[in-house]
Amino acid sequence: MSPLNPILDNIPTTPGKFKPEKSPLHFLHHRLRLHTTLPKLTLVFLAFIFLFFFLSPPSPTAPRRTLRSTSWENHVKSSAKPRSRAAPIVLVTGAAGFVGSHAAVALKRRGNGVVGLDNFNPYYDVSLKKARKLQLLDRAGVFIVEGDINDAVLLRKLFSLVRFSHVLHLAAQAGVRYAMVNPSSYVESNVDGFVNLLEVAKSVNPQPVIVWASSSSVYGLNSKVPFSEKDRTDQPASLYAATKKAGEEIAHSYNHIYGLSITGLRFFTVYGPWGRPDMAYFFFTRDILKRRPISIYEGAGHVTVARDFTYIDDVVKGCLAAIDTAKKSTGSGGKKKGEAQFRIINLGNTSPVSVNKLVSILEKLLKVKAKKKVVLMPRNGDVPFTHANVTLARKELGYRPTTDLETGLGKFVKWYLEFYGGKKSSW
């Protein structure tokens, strides 16, 4: 198995921004500084040139953050064009993320107008996000605006350029354990950013439909399984879970006050190609190939840890079905005109698998024996067990997951070996 040793990660960074050229005014400014002794006539002439450039319209290659460039605006409008007038036009936040990139491509391929928004957060390897942009989104014709959901000016600009019928809001600070390192990032993204997006959405006319990602983490310390949308969710085990639960309550208030149609989707441990490096299946694969020991958690009293692993394609189908079945928002100009739809729906696989079984499947696929060490699950926000009840998803969305863990991991491993083959990785 020595050929697999060099299969260690990182790809080169791929530029994903427009790089504006410096305007003539910039160069003229420096020339004026260098020639303070020029004859008066020359200075008058240069002053005339200075005024000419100062009063001229801004360069089309001005930075996006000034919101004056026409180049990026044209890309946004082009990307937002659907194949038919009846097709949804969707703003996808977190479009360079794992679920976001897959969902944006699926929407575009079926004929929807799609515009992506992402700030390329460095929570994990940014080069992976840029690779998703280059190899998935660019090829599908999805344009991404590099910006933040907390930038209200940018959001209002996007809605002025495009009449989005839907927002698929997937931008978030992910990860349970990282909340113990950088708690403020969760509040900034999952609470402040969500409120900022809703504030803009409630005020535009017509109001868009909002479909957004909550999390199975909201079930927290709930011991009743499988987890149903009717179960209590007031005992979060992590700050991440608390911010996602706060998001659900915030969404309900905007639905009630402003008439926004909102559907929240509780994702259960999504995995697959192009996934997140902070997920167990991903870093287990890396460490098994590197012959490093892997830690397998068990709960108190030797309780087996298990997850309801849900393959990316099944989750994307659920997202698209949520868009297709959502009813229109009822508000206008920030005022509610009637009752609007509000839904919270589980998207899981309904078949929990133990972490031991996960590792066994990876050993089989990689043809490498893992160096396992069993440790007690730390108090870092993780829960020992997740199991989705998808009865409501089946009723509302026609949702039926079809990919078992071994099949899904086979596709992930194939992608991993191809993507990271011969490349070194920080992961």
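On a predicted model such as this, the values are computed, not experimentally measured, just so you know. (Residues numbered from 1 in each chain as written. Predicted model: local features only at pLDDT ≥ 70, side-chain atom pairs only at ≥ 80, totals over all residues. Heavy atoms only, no water.)

Draft legend 1. Quick look at the packing of aromatic side chains. Scanning all chains against the criterion turns up 29 aromatic pairs. Taking 5.8 Å as the distance between ring centres and 50° as the angle between the ring planes, the aromatic pair formed by Phe412 and Tyr416 counts as tilted. Here the residue Phe412 and the residue Tyr416 both occupy positions in helix α13 (residues 405–420), the gap between them amounting to 4 residues, near one helical turn. Judged by its relative accessible area of 0%, Phe412 falls in the buried class. One aromatic cluster in this structure is built from Tyr271, Trp274, Tyr281, Phe282, Phe309, Tyr311, Phe412, Trp415, Tyr416, Phe419 and Tyr420. Over the ring of Tyr124 we find Lys129, and its NZ or CZ is 4.6 Å from the ring centre. (Phe/Tyr/Trp six-rings, centres within 6.5 Å; stacked < 30°, edge-to-face > 60°. Helix = DSSP H or I, 4+ residues; strand = E, 2+ residues; numbered from the N terminus. Buried < 20%, exposed > 50% of the residue type's maximum accessible area, 1.4 Å probe, protein only. Lys NZ or Arg CZ within 6 Å of the ring centre and 35° of its normal.)

Draft legend 2. Spatial organisation of the packing of helix α5 (residues 126–140) against α13. Running from amino to carboxyl end, α5 crosses α13 at an angle of 100°, the nearest separation of the two axes being 14 Å. Taken as axis vectors, α5 and α13 run roughly perpendicular relative to one another. Only Trp415, Phe419 and Tyr420 of α13 make contact with α5, whose side of the interface consists of Leu128, Ala131 and Gln135. For the contact of α5 with α13, a count of residues per class yields 5 nonpolar, 1 polar and no charged. (Axes fitted to C-alpha atoms, helices over the stretch in contact; angles between N-to-C directions. Parallel < 35°, antiparallel > 145°, perpendicular 65-115°, else oblique. Contact = heavy atoms within 4.5 Å. Nonpolar A, V, L, I, M, F, W, Y, C, P; charged D, E, K, R; others polar.)

Draft legend 3. Structural context of empty space enclosed by the protein. Applying the stated criterion to the full structure yields 1 cavity of 30 Å³ or more. Estimates place the volume of the largest cavity at around 40 Å³. Forming the walls of the largest cavity are His169, Ala171, Ala172, Ser189, Asn190, Phe194, Trp212, Ala213 and Lys244. If you list the elements that add at least two residues to the lining of the largest cavity, you get α7 (183–203) and β5 (209–215). At 3 residues, α7 tops the list of elements feeding residues into the lining of the largest cavity. (1 Å grid on protein atoms, 1.4 Å probe; cavity = no way out; pocket = protein on both sides within 12 Å on 5 of 7 lines; lining within 4 Å. Points joined across faces, edges and corners; volume = space filled by probe spheres on them.)

Draft legend 4. Expanded view of the sheet that holds strand β4 (residues 166–169). One open sheet holds the 7 strands; their spatial order is β3-β2-β1-β4-β5-β6-β14, and the pairing between them is parallel. Of all strands in the sheet, those bounded by a partner on one side alone are β3 (143–146) and β14 (342–347). Strand-to-strand twist across the sheet, computed as the mean angle between neighbouring axes with direction ignored, equals 20°. In this structure, strand β6 (residues 262–267) lies alongside β14, joined through 6 bridges in parallel fashion. Residue pairing across strands places Arg266 opposite Asn346, the latter belonging to β14. Across the face of the sheet, helix α3 (residues 71–79) comes into contact with β2 (113–118) and β3 while running at roughly 140° to β3. (Pairing = 2+ DSSP bridges.)

Draft legend 5. Up close: the packing of α7 against helix α8 (residues 239–258). For the pair α7 and α8, interaxial distance at closest approach is 10 Å and the crossing angle is 15°. Overall, the two elements α7 and α8 adopt an arrangement that is roughly parallel. For the pair α7 and α8, the crossing hand works out as right-handed. Between α7, through Pro183, Tyr186, Val187, Asn190, Val191, Phe194, Val195, Leu198, Glu199 and Lys202, and α8, the contact on the second element is made entirely by Leu239, Tyr240, Thr243, Lys244, Ala246, Gly247, Ile250, Ala251, Tyr254 and Tyr258. (Left-handed = near helix turned anticlockwise from the far one by under 90°.)

Draft legend 6. Representation of the pairing of strand β8 (residues 293–299). Where β8 meets strand β16 (residues 371–376), 6 bridges bridge the pair, whose relative direction is parallel. In the sheet register, Glu298 faces β16, and the bridge partner there is Leu376. Here 2 bridges tie β8 to strand β9 (residues 303–304), and the two strands are oriented antiparallel to one another. Residue pairing in the sheet places Glu298 in a bridge with Thr304 of β9. Hairpin connection between β8 and β9: a loop of 3 residues separates the two successive antiparallel strands, and Gly301 in this loop has a positive phi of roughly 70°.

Draft legend 7. Unusual backbone geometry, seen in detail. Omega for the peptide link from Asn205 to Pro206 comes to 5°, which places this bond in the cis form. Within the secondary structure layout, Pro206 lies in the loop between α7 and β5. The residue after Val225, namely Pro226, is reached through a cis peptide bond having omega -5°. Along the polypeptide, Pro226 turns up in the loop between β5 and α8. Look at Thr269: it is not a glycine, yet its phi comes out positive at around 35°. Among the structural elements, Thr269 can be located in the loop between β6 and β7 (270–271). Looking at Thr269, the relative accessible area reads 15%, which means it is buried. Non-glycine residue Thr350 carries a positive phi angle of around 75°. Turning to its location among the elements, Thr350 is positioned in the loop between β14 and β15 (353–354). With a relative accessible area of 29%, Thr350 lands in the partly exposed category.

Draft legend 8. Looking closely at the nonpolar core. In this structure, Val92, Leu168, Phe267, Tyr281 and Trp415 are the most contacted members of the largest nonpolar core, which totals 79 residues. Residues Val162, Ile210, Ile250 and Ile262 belong to the second largest nonpolar core, which totals 34 residues. (Core = buried A, V, L, I, M, F, W, Y, C linked by side-chain atoms within 4.5 Å.)

Draft legend 9. Spatial organisation of the pattern of salt bridges. All told, the structure shown has 17 salt bridges when counted by the stated rule. Between Glu73 and Lys157 there is a salt bridge, with its nearest N and O atoms 3.2 Å apart. Placement of Glu73 in helix α3 and of Lys157 in helix α6 (residues 152–161) is noted, with a sequence separation of 84 residues between them. Its relative accessible area of 11% is what places Glu73 among the buried residues. A salt bridge links Arg343 to Glu396; the nearest nitrogen and oxygen atoms lie 3.0 Å apart. Of this pair, Arg343 sits in strand β14 while Glu396 sits in helix α12 (residues 391–397), and the two are 53 residues apart along the sequence. Its relative accessible area of 7% is what places Arg343 among the buried residues. Given the relative accessible area of 30%, Glu396 is considered partly exposed. Bridged by salt links that share partners, the residues Lys245, Glu248, Glu249 and Arg266 form one connected network. (Salt bridge = Lys/Arg side-chain N within 4 Å of Asp/Glu carboxyl O.)

Geometric descriptors of this kind do not, in isolation, establish any biological role.
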